[in-house]
Amino acid sequence: MNDDALSADLDALHLDAVSALVRDMSDAELHHVAELVRQVQIERAIGDGDEDAIIAAAFETGFGRDGLGALPWVEGNVIVCPGGTVSKSKSSHKCRFVSVDDVWVWESSLLLREDKRSSPGNDEGFRAVALLPLVDGTGIDVVSGKQRSGQHSVDHVVSYEVRGGELVEVSQRTITSHH
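Small disclaimer: the values here were computed from a predicted structure and weren't measured.

Colleague: Explanation requested: the overall build of the chain in the structure shown.
Modeller: If you tally the helices and strands in the chain, you get 3 helices and 9 strands. Secondary structure elements of the chain, listed N to C terminal, follow the sequence α-α-α-β-β-β-β-β-β-β-β-β. Within the span of the chain, comprising 179 residues, buried residues form 33% of the whole. Pairs at least 24 residues apart make up 52% of the contacts formed inside the chain by residues separated by at least 6 positions. When the accessible surface of the chain is totalled, it reaches about 11200 Å², and 50% of it is carbon and sulfur.

Now the structure itself:
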């Protein structure tokens with residue numbers, strides 16, 4: 001038996017042992033273990049990446065020609081979430097921001113860091129890059145909208161969920177307003 005086969009057999013044995021242990025736990029113990037796993041994922045996200053380099057690169061590549069943030073992506077153990085506004089006047093702007101588990105990213109308890117900068121060019125507004133830990137089960141909505149004459153509306157929402165350490169798109173919806 002070669003080393004790779006032995007390693008695969010040991011991995012399978014460990015997984016079977018952990019699976020059996022978890023199945024025997026009470027509901028309270030399962031909740032405790034789930035919170036522990038979440039905490040370890042957050043700690044790894046904090047310790048694994050160079051936040052300054054990730055944010056600097058995101059400001060270079062994370063915004064489209066329209067000035068709005070691109071869709072989020074995974075970098076190591078963090079989710080990179082660009083967002084911002086582009087204003088043509090005091091009462092009119094376009095925006096795209098991320099919501100995490102139904103709260104804005106800047107209000108999320110998962111937020112590791114967010115940097116904001118003024119938008120380049122003639123338009124008013126700002127750009128922001130937020131970093132979140134890659135935690136399984138996290139729901140992310142990318143909300144695109146606009147404000148006209150003081151009225152804010154949502155145009156489009158792209159929803160993701162973190163599954164198996166990956167950001168998986170689960171839905172897209174275009175919101176049409178009826179006057």
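From this point, the narrative continues.
Colleague: Explain empty space enclosed by the protein here, please?
Modeller: Vacant regions in the atomic arrangement are exposed by a probe of water-molecule size rolled over the atoms. Scanning the model with the defined rule gives 1 cavity of 30 Å³ or more in all. Here the largest cavity is characterised by a volume of approximately 50 Å³. Considering the residues around the largest cavity, the lining is formed by Cys81, Pro82, Gly83, Phe97, Val98, Val105, Glu114, Ala128, Val129 and Ala130. For the lining of the largest cavity, the elements supplying multiple residues, two or more each, are strand 2 (78-89), strand 3 (92-100) and strand 6 (124-133). Counted by class, the lining of the largest cavity contains 8 nonpolar, 1 polar and 1 charged residues.

Colleague: I keep staring at the pairing of strand 8 (residues 151-163) and nothing clicks. Help me out?
Modeller: The side chains of a regular strand alternate, residue by residue, between the two faces of the sheet. Two strands pair when backbone bridges link them, and strand 7 (residues 139-148) and strand 8 are joined in this way by 10 bridges, in the antiparallel orientation. Paired with Val143 across the two strands is Val157, which belongs to strand 8. Between strand 7 and the antiparallel strand that follows it, strand 8, lie 2 residues; Ser149 among them carries a positive phi value of about 50°. By the bridge criterion, 8 bridges tie strand 8 to strand 9 (residues 166-174) in an arrangement that is antiparallel. Within strand 9, the position partnered with Val157 by the bridge is Arg173. The turn joining strand 8 and strand 9, which pair antiparallel and follow one another in sequence, is formed by 2 residues; a positive phi near 55° is taken by Gly164.

Colleague: Would you mind going over helix 3 (residues 51-61) with me for this structure?
Modeller: For an α-helix the count is 3.6 residues per turn, leaving residues at separations of three or four pointing the same way. Residues of helix 3 that are buried include every one of Glu51, Ile54, Ile55, Ala58 and Phe59, and no others. Buried residues of helix 3 fall within an arc of 135° about the axis and therefore sit on the same side. Seen from the buried face of helix 3, the exposed residues on the opposite side, beyond 90 degrees, are Glu60 and Thr61. Contacts made by the buried residues of helix 3 are with strand 1 (73-75), strand 2, strand 5 (113-118) and strand 6.

Here is what the cut-offs are and how they apply
- In this convention, every chain numbers its residues from 1, walking through the sequence in written order.
- Totals for whole chains, interfaces and linings use every residue, but because this is a predicted model, local features are given only for residues with pLDDT of at least 70 and side-chain atom pairs only at 80 or more, for both listing and counting.
- The side-chain figures draw on all heavy atoms in the structure; neither hydrogens nor water molecules are used.
- Comment: elements are numbered from the N terminus, with helices defined as DSSP H or I runs of at least four residues and strands as E runs of at least two.
- Each residue gets one of three labels from its accessible area relative to the maximum for its type: buried under 20%, exposed over 50%, partly exposed in between, using a 1.4 Å probe on protein chains only.
- By the convention used here, residues are in contact when the closest approach between their heavy atoms is within 4.5 Å.
- In short, Shrake-Rupley with a 1.4 Å probe defines the accessible areas, and a residue's cover is counted only from the protein chains shown.
- Of the two site types, the cavity is a set of points on a 1 Å grid over the protein atoms alone where a 1.4 Å probe fits but cannot get out, and the pocket is an open set with protein on both sides within 12 Å along at least five of seven lines, each lined by residues with an atom within 4 Å of a point.
- Grid points are joined across faces, edges and corners, and a volume is the space filled by probe spheres set on the points.
- Three classes are used, and their members are as follows: Ala, Val, Leu, Ile, Met, Phe, Trp, Tyr, Cys and Pro are nonpolar, Asp, Glu, Lys and Arg are charged, and the others, Gly among them, are polar.
- Pairing between strands is defined by DSSP: at least two bridges between them are needed.
- Directions pointing from the helix axis toward each C-beta atom define the arc.

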